[in-house]
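Now for the letters of each chain:
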Amino acid sequence: MKPFLLFFAVWCATLFAGCSVEIDATQAVASVASAKEVEGDPHASSARPDRAGVWVAVKALIRREAVEQIVYWQVYPHVYIVDCSSGLVTNVGTDPDLEGFQFDNFNAVRGALNKHPTTQVFELRSLIFARPNDFQMPQCLQFRGGSYTGQKIVETRTPIRVVGRLL
């Protein structure tokens with residue numbers, strides 16, 4: 001009974017005190033995804049879009065400290081594409097991966113961190129299905145999400161640079 005009370009006390013303290021994880025993304029880039037990238041993404045490969053458009057790979061660089069915090073707190077990040085001026089959501093990305101590992105597999109990401117102890121910046125990638133006119137206005141990358149124990153992701157916007165013609 002005592003371990004349960006201790007766990008409950010820690011959970012309540014975390015819930016009320018909270019913890020915020022900041023994913024400070026830099027150099028967000030959007031480009032048309034290759035067929036190999038779409039096939040390699042479990043969500044994109046099984047999706048059947050109902051409109052015309054293309055799969056776009058959104059890639060960003062994030063610092064090692066942010067990855068370590070995500071893994072430590074087991075925060076589930078979700079990728080959103082928002083209008084830079086208003087903050088309105090224009091698109092939602094697939095589950096992000098980090099250097100080829102799905103972010104929700106915390107043990108694999110922890111292993112990647114241990115395998116590359118000197119790497120300070122990692123590439124995060126997510127696919128979105130872009131429809132015509134999705135990137136006519138400046139778009140920003142924004143992470144949202146949290147953990148089961150109450151930690152939240154600080155929602156900051158990172159401008160996306162479009163490489164090539166998307167549609």
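Structure first, text after, so check above.
We now turn to the structure provided with this report. (Residues numbered from 1 in each chain as written. Predicted model: local features only at pLDDT ≥ 70, side-chain atom pairs only at ≥ 80, totals over all residues. Heavy atoms only, no water.)

What follows concerns the pairing of strand β4 (residues 76–83). With 6 of 8 residues buried, β4 lies mostly within the body of the structure. Inspection of the sheet shows β4 paired to strand β9 (residues 139–146) by 8 bridges, in the antiparallel sense. Bridging across to β9, His78 finds its partner in Arg144. Taking the residues between adjacent antiparallel strands as the criterion, β4 and strand β5 (residues 89–92) are bridged by 5 residues, where Gly87 takes a positive phi near 85 degrees. (Buried < 20%, exposed > 50% of the residue type's maximum accessible area, 1.4 Å probe, protein only. Helix = DSSP H or I, 4+ residues; strand = E, 2+ residues; numbered from the N terminus. Pairing = 2+ DSSP bridges.)

This part covers the environment of Phe106. Looking at where Phe106 falls in the secondary structure, it is placed in helix α5 (residues 106–115). Given the relative accessible area of 6%, Phe106 is considered buried. Remark: the alpha-carbon pair of Phe106 and Trp73, spanning 33 residues in sequence, is separated by 9.8 Å. Not counting the four nearest positions on each side in its chain, Phe106 is found in contact with Ile70, Val71, Gln74, Val75 and Tyr76. (Contact = heavy atoms within 4.5 Å.)

The next thing to look at is the pattern of salt bridges. Overall, the coordinates contain 6 salt bridges when judged by the stated rule. Between Arg63 and Asp24 there is a salt bridge whose closest N-O contact spans 3.2 Å. With Arg63 in strand β3 (residues 54–63) and Asp24 in the loop between β1 (20–22) and β2 (26–32), this pair connects stretches of sequence that are 39 residues apart. Since its relative accessible area comes to 32%, Asp24 is described here as partly exposed. What emerges from the salt-bridge pattern is a single network uniting Asp24, Arg63 and Glu65. (Salt bridge = Lys/Arg side-chain N within 4 Å of Asp/Glu carboxyl O.)

A separate point is the side chain of Ser126. For Ser126, the location among the structural elements is in strand β8 (residues 121–130). Overall, Ser126 belongs to the buried group, its relative accessible area being 2%. At 2.7 Å, the side chain of Ser126 forms a polar contact with the backbone oxygen of Thr94. Not counting residues up to four positions away in its chain, the partners in contact with Ser126 are Val56, Ala57, Val58, Val79, Gly93, Thr94 and Pro96. (Polar contact = N/O pair within 3.5 Å; in protein donor to acceptor, adjacent residues only side chain to side chain.)

The tally for this structure, following the rule as stated, stands at 1 disulfide. Note on cysteine connectivity: Cys84 is disulfide-linked to Cys140, with sulfurs 1.9 Å apart. Residues Cys84 and Cys140 are joined through a disulfide that is right-handed, its torsion about the S-S bond being 115 degrees. On the criterion of sequence distance, the pair formed by Cys84 in the loop between β4 and β5 and Cys140 in strand β9 is long-range, its members being 56 residues apart. Take Cys140: its relative accessible area is 3%, and that puts it in the buried class. (Disulfide = S-S within 2.5 Å.)

Only a minority of non-glycine residues have a phi that is not negative, and only a minority of peptide bonds are not trans. Of note, the phi angle at Gln27 is positive, near 50 degrees, even though the residue is not glycine. Residue placement: Gln27 occurs in strand β2. With phi around 75 degrees, Asn133 is a residue other than glycine that occupies positive phi space. A residue is classified by how much of its surface remains accessible, and Asn133, at 58% relative accessible area, is exposed.

Okay, the pairing of β2 next. Where β2 lies against β3, 5 bridges are found, and the strand directions are antiparallel. The residue of β3 that forms the bridge with Val29 is Lys59. Bridge count between β2 and strand β11 (residues 157–162): 3 bridges; the pairing is parallel. Within β11, the position partnered with Ala30 by the bridge is Val162.

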